[in-house]
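Chain by chain, the residues run as shown.
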Amino acid sequence: MLLAPLCAAALLLPPGAEVGRASTFGQPGDRWAGGRMRCQRLMSPAAFRRALPYGVAHRRYPCGTELAIYDARTGRSSRGVVLDAGPWGAIHRGRWRIKRSEREPGRWRGVLDVLPPVARRLGLTGLDPVVLRVLP
């Protein structure tokens, strides 16, 4: 498992870097796919279309925030642009559930969800360990 080396590497990361797990959302057949993304109504249609191939979901960063994402399992990196909020999936008592705030029970399964084009660039499969930071 890569978490121990990833935690050790976190000591060498620049301030503001975030370490956690990432998964893919928006795959065909995903029961949550097909809805409007949070940023779709906040960004111009042209800006949203340009950012879509780099789309990610993050709980705290505002729409349009650009991220550098590094997949510790594959060693690949990609640019990401926050287009949605999430991931909201959490594990509580061994079961998957939706968690909307820190006060609700359960542990969030990841810090980032990425759209399929970003997942392909990262070589992301399942729930991979990632390091991300906000780009200037």
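Everything that follows concerns the structure shown earlier in this document.
Bear in mind the structure is a predicted one, so any value in this text is a computation, not a measurement. (Residues numbered from 1 in each chain as written. Predicted model: local features only at pLDDT ≥ 70, side-chain atom pairs only at ≥ 80, totals over all residues. Heavy atoms only, no water.)

Novice: Can you lay out the overall build of the protein for me, pointing to particular residues and giving the numbers?
Specialist: Scanning the protein from N- to C-terminus turns up three helices and nine strands. In the protein, which comprises 136 residues, the proportion classed as buried is 40%. Residue pairs at least 24 apart in sequence account for 69% of intrachain contacts in the protein once pairs closer than 6 positions are excluded. Taken as a whole, the protein presents about 8,000 Å² of accessible surface, with 57% of it coming from carbon and sulfur. (Helix = DSSP H or I, 4+ residues; strand = E, 2+ residues; numbered from the N terminus. Buried < 20%, exposed > 50% of the residue type's maximum accessible area, 1.4 Å probe, protein only. Contact = heavy atoms within 4.5 Å. Areas by Shrake-Rupley, 256 points an atom, 1.4 Å probe, with all protein chains shown as cover.)

Novice: Outline the side chain of Glu18, listing residues and values.
Specialist: Tracing the backbone through its elements, the reader meets Glu18 in strand 1 (residues 18-24). Engagement of the side chain of Glu18 in a polar contact is seen with the side chain of Arg60, the distance being 3.3 Å. (Polar contact = N/O pair within 3.5 Å; in protein donor to acceptor, adjacent residues only side chain to side chain.)

Novice: Describe unusual backbone geometry, and please don't skip the residues or the numbers.
Specialist: With an omega dihedral of 0°, the bond running from Gly86 to Pro87 counts as a cis peptide bond. In this fold, Pro87 is placed in the loop between strand 4 (77-84) and strand 5 (89-92).

Novice: Break down the nonpolar core for me, with residues and values.
Specialist: In terms of nonpolar packing, the biggest core is built from 15 residues, with Val56, Leu67, Ile69, Leu112, Val114 and Leu132 touching the most fellow members. For this core, the elements supplying multiple residues, two or more each, are strand 3 (66-71), strand 8 (112-114), helix 3 (116-122) and strand 9 (128-134). The element that contributes the greatest number of residues to this core is helix 3, accounting for three residues. Core analysis: the next-biggest nonpolar cluster, separate from the first, contains 11 residues, Met37, Met43, Ala47 and Phe48 among them. (Core = buried A, V, L, I, M, F, W, Y, C linked by side-chain atoms within 4.5 Å.)

Novice: Could you give me a rundown of the state of the cysteines, with the residues and numbers involved?
Specialist: With the rule as written, the count across this model stands at one disulfide. With a sulfur-sulfur separation of 2.0 Å, Cys39 is cross-linked through a disulfide to Cys63. Disulfide Cys39-Cys63: torsion about the S-S bond near -90°, hence left-handed. Taken together, the residues Cys39 in the loop between strand 1 and helix 2 (45-51) and Cys63 in the loop between strand 2 (55-57) and strand 3 connect sequence positions 24 residues apart. For Cys63, a relative accessible area of 24% puts it in the partly exposed group. (Disulfide = S-S within 2.5 Å.)

Novice: Before we move on, can you summarise the sheet that holds strand 6 (residues 95-98) with the specific residues and values?
Specialist: Sheet architecture is open: three strands sit in the order 6-5-7, paired in antiparallel fashion. Both edges of this open sheet fall to strand 6 and strand 7 (107-108), since each of them pairs with a single strand only. Summarising the sheet, strand 5 and strand 7 pair through two bridges and their orientation is antiparallel. Considered in strand 7, the bridge of Ala90 is made with Trp108. (Pairing = 2+ DSSP bridges.)

Novice: Got a sec to walk through the pairing of strand 4? Specific residues and values, please.
Specialist: Across a regular strand the side chains alternate sides, sitting on one face of the sheet and then on the other. Among the eight residues that make up strand 4, six are buried, leaving the element largely enclosed by the rest of the structure. For strand 2 and strand 4, the ladder comprises three bridges, and the chain directions are parallel. Within strand 4, the position partnered with Ala57 by the bridge is Asp84. From the end of strand 3 to the start of strand 4, which pair antiparallel, there are five residues, and Gly75 there has a positive phi angle of about 80°.

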